Amino acid sequence: LEKKHQPFGGSYMKSSVTQIERRFDIPSSLIGVIDGSFEIGNLLVIAFVSYFGAKLHRPRLIGIGCLIMAAGAFLTALPHFFQGQYVYETTLSHIPEENSTESILPCLANTKSVLCAPTACEKEAGSSMWIYVFLGNMLRGIGETPVMPLGVSYLDDYARKENTAIYLACLQTVGILGPVFGFMFGSFCAKIYVDIGSVDLESISINHKDSRWVGAWWLGFLVSGFLMLLAGIPFWFLPNTLAKQCKSPSKKRQKEDIQPVTMAAMAKDFAPSLKRLFSNKVYLLIILTSVVAFNGFIGMITFKPKFMEQVYGQSPSKAIFLIGSMNLPAVAVGVIVGGLVMKRFKLSVLGAARLSIVSSFLSFCLLLIQYFLQCDNSEVAGLTMTYQGLLSQCNMGCSCSLKHWDPVCARNGITYASPCLAGCQTSTGVGKEMEFHNCTCMQELKGGLMAPPTNRSAILGQCPRKRDCDRMFKFYMAVSVLGAFVSACGGTSGYIVLLRSIHPDLKSLALGMHTLIGRTLGGIPPPIYFGALIDRTCLKWGLKRCGGQGACRFYDSHAFRITFLGLVYCLYGLANLLWGVLYLQLSKRQKKLELRSQAKATALEANGNNNPNGHAMVSIFKNKDDLDRDNESTI
């Protein structure tokens, strides 16, 4: 239950990135900092939780983590209830009543917006309440800390070695349900207006496809908080130790479990344990490979919905829905298939590494194909086509605001930044049904022909992409889903390589440090530098009510695609090279272990021949710990 609900909040946060960015009028680089606060929370406590938690009551620590995650989810949603209503930017300062025959005059009236009064601007400063979202996400990261290192080590300690792979695969597959529900619920909330219940929706002139639309981002965090409270309850009733499969707990083990261990004794052993762990070359290579791969994955999954929106013209809600309904189920199937392959062929550590390398390389090849699946830029007058700058002879006398983004779609298929900049003289209708007429900037069509007077009209919103873009998007989704499946096939085997490359008594610490370093270097930076570079592809920034730069409204889709995919290619390409180096190191280690085992077996056999009274068996047990230490130093 907890494994399903714990990723729900994380995936919902990823699906709400665009909505939070628009609600608080912040750039993508800052939304990257907010998204990375989850890993910052992990960073604060994971080393201590992983080490001391292994010696304490692991299930109860996971239960405490659930309570902290619930508190973080509630704190994240808090700003919505203290902020004023969301006011989207628009050049239309006057909206006629439903029964009125009066029309807006976009061009003839001066549409320069009036900045809000000083008192209103003070209230508008409440947009800095994104800090509460930052702190809430960080608190969720702290609460999530015990789950993976303690939960996986708890499972591995009491399962047969040959069953661990399939158990991990099942655990990860069930865990995929959380992100699936998170993205699906995120898609649902993205279509609900942020101030649902407190505003008249008929008066809203934008829809969920508009870049100014903000969905009910706060709703999912409330649901996530309640789910985490429920998920934590069973862990309070689980025992600290379980019987090993097909074995009853030995008296020695039972005695060890009930022996009291002081915090001072555990702290004294912490530094030597770290030294032993980081002297393991294979472990260090696994850490390095994971960090690079995490960078690529976190950066890609954070901005994938925005990539689909900007490059292929999909709405945020549809992009999120497709990720949740297609990509994540493919990941679930891939994880379980990888686990079944591990169990069916009883792969060794080297076999598991080969499976991970093959799946990583094939998924990288499928990523490369995505570069060629592109659409043309949206046709926006003054930004991507027709004339340089937003002003032209056709709208020079309209006193238009150049800072606002209030797009209209003309009959000629071109988007204009506002009705005023389209030179529209009159309008009819209200709300989403508003239509503009006599737009002087539409006199010339793409072929240079004059437009008939009846076609010089426009409707609210951006123009849809060309039909061939929809076809290209279907190819993109097919390649993306296949790539997700292939990549996930190597997920379980990669985890097995990690588990089998460390000494058993360092397992919890190794998993904790792997999570700590992976999330510190692989989870915090990517959303920030991905967001900062993506911001550089913005062509039109929004305007806050009291002046100042808001969120980006329109990107150069070609520059966005090259920047986004270029970063992903560099990171995943490096990760594949590191997998190759790791495999070579694993091969060397395996050869050394085989030589040492043969030498030990020869020595013990000779010793047995010289000790016919059974002293050979004593020598075997006497040298068992020495053999373990030799194996660990070789690793």
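Above this note sits the structure.
Just so we're clear, the structure is a prediction, and the values are computed from it rather than from any experiment.

A. Quick look at the overall build of the chain. Per the secondary structure count, the chain includes 21 helices and seven strands. Pairs at least 24 apart in sequence give 80% of the contacts found in the chain among residues at least 6 apart. By element, 63% of the accessible surface of the chain is carried by carbon and sulfur atoms, the whole surface being about 28,900 Å².

B. Looking closely at the pattern of salt bridges. Evaluation of the coordinates by the stated rule reveals 10 salt bridges. Glu-89 serves as the salt-bridge partner of Arg-553, at 2.9 Å between the closest nitrogen and oxygen. On the criterion of sequence distance, the pair formed by Arg-553 in strand β7 (residues 549-555) and Glu-89 in the loop between α4 (58-82) and α5 (118-124) is long-range, its members being 464 residues apart. Of the two residues examined, Arg-553 and Glu-89, each falls in the buried class.

C. Examining the state of the cysteines more closely. Per the stated rule, a full pass over the model turns up six disulfides. With its sulfur 2.0 Å from that of its partner, Cys-424 forms a disulfide with Cys-439. The chirality of the disulfide connecting Cys-424 with Cys-439 is right-handed, given an S-S dihedral of about 95°. With Cys-424 in the loop between β2 (415-416) and β3 (426-428) and Cys-439 in the loop between β4 (435-437) and β5 (458-460), this residue pair connects regions lying 15 residues apart in the sequence. Given a relative accessible area of 0%, Cys-439 falls into the buried group. The partner cysteine of Cys-538 in its disulfide is Cys-552, sulfur to sulfur 2.0 Å. With the S-S dihedral at roughly 100°, the linkage between Cys-538 and Cys-552 falls on the right-handed side. Of this pair, Cys-538 sits in strand β6 (residues 538-543) while Cys-552 sits in strand β7, and the two are 14 residues apart along the sequence. For the pair formed by Cys-538 and Cys-552, the shared burial category is buried.

D. Quick peek at α4. Compared with an ideal rise of 1.5 Å per residue, which puts 25 residues at 36 Å, α4 spans 38 Å between its outermost C-alpha atoms and is within 8% of the ideal. Where α4 bends most, at Thr-76, the angle is about 30°, and the proline Pro-79 comes one to four residues later.

E. Fine view of the pairing of β7. Within β7, six of the seven residues are buried, which leaves the element mostly enclosed by the surrounding structure. Note that β6 and β7 share four bridges and pair antiparallel. Counted as the bridge partner of Trp-541 is Cys-552 from β7.

F. Representation of a positive patch on the surface in the model. Positive charge collects at one region of the surface, where Lys-191, Lys-209, Lys-318 and Lys-474 lie side by side. Turning to its location among the elements, Lys-191 is positioned in the loop between α8 (161-190) and α9 (217-232).

G. Fine view of helix α18 (residues 507-522). If you check α18, its first and last C-alpha atoms are 21 Å apart, about what 16 residues at 1.5 Å a residue would give, namely 22 Å. With 15 of 16 residues buried, α18 is to be regarded as a mostly interior element.

H. Summary view of a nonpolar patch on the surface. Taken together, the side chains of Ile-64, Leu-67, Phe-226, Leu-229, Leu-230, Ile-233, Trp-236 and Phe-237 present a nonpolar region at the surface, about 800 Å² in accessible area. Per-element tally for the nonpolar patch: the top contributor is α9, with three residues. The topology assignment puts Phe-226 in helix α9.

I. Molecular detail of the nonpolar core. Counting 76 residues, the largest nonpolar core has Trp-217, Phe-307, Met-308, Tyr-312 and Phe-564 as the members making the most contacts within it. The greatest single-element share of this core, amounting to 10 residues, is contributed by helix α16 (residues 467-489). In contact with Phe-564, other than residues within four places in its own chain, are Gly-299, Met-300, Phe-303, Lys-304, Phe-307, Phe-530 and Ile-534. Counting residues in hydrophobic clusters, the runner-up holds 37 residues, among them Val-349, Ala-353, Leu-506 and Ala-510.

J. Focus on the packing of helix α13 (residues 281-312) against helix α19 (residues 525-535). Contact geometry of α13 with α19 gives a least axis separation of 8 Å together with a crossing angle of 55°. Between α13 and α19, the crossing angle belongs to the class labelled oblique. Regarding α13 and α19, the two cross each other, and that crossing is right-handed. In this structure, α13 contributes Asn-295, Ile-298, Gly-299, Met-300, Thr-302 and Phe-303 to the contact, and α19 contributes Pro-526, Pro-527, Tyr-529, Phe-530, Gly-531 and Ile-534. Taken together, the residues of the contact of α13 with α19 break down into eight nonpolar, four polar and no charged.

K. Just the sheet that holds β4, in detail. Judged by pairing direction, the sheet is antiparallel, and its five strands sit side by side in the order β2-β1-β5-β4-β3 without closing on themselves. Sheet topology places β2 and β3 at the edges, where each strand pairs with a single neighbour. Bridge count for strand β1 (residues 408-410) against β5 is three bridges, and the pairing is antiparallel. Bridging across to β5, Ala-410 finds its partner in Ala-458.

Criteria and cut-off values
Residues numbered from 1 in each chain as written. Predicted model: local features only at pLDDT ≥ 70, side-chain atom pairs only at ≥ 80, totals over all residues. Heavy atoms only, no water. Helix = DSSP H or I, 4+ residues; strand = E, 2+ residues; numbered from the N terminus. Contact = heavy atoms within 4.5 Å. Areas by Shrake-Rupley, 256 points an atom, 1.4 Å probe, with all protein chains shown as cover. Salt bridge = Lys/Arg side-chain N within 4 Å of Asp/Glu carboxyl O. Buried < 20%, exposed > 50% of the residue type's maximum accessible area, 1.4 Å probe, protein only. Disulfide = S-S within 2.5 Å. Expected span 1.5 Å × (residues − 1). Bend = angle between axes of the 7 residues up to and from the residue. Pairing = 2+ DSSP bridges. Patch = residues over 30% accessible without salt bridge, like charges linked within 9 Å, V, L, I, M, F, W, Y side chains within 5 Å. Lys, Arg positive; Asp, Glu negative; His and termini not counted. Charge placed at Lys NZ, Arg CZ, Asp CG, Glu CD. Core = buried A, V, L, I, M, F, W, Y, C linked by side-chain atoms within 4.5 Å. Axes fitted to C-alpha atoms, helices over the stretch in contact; angles between N-to-C directions. Parallel < 35°, antiparallel > 145°, perpendicular 65-115°, else oblique. Left-handed = near helix turned anticlockwise from the far one by under 90°. Nonpolar A, V, L, I, M, F, W, Y, C, P; charged D, E, K, R; others polar.

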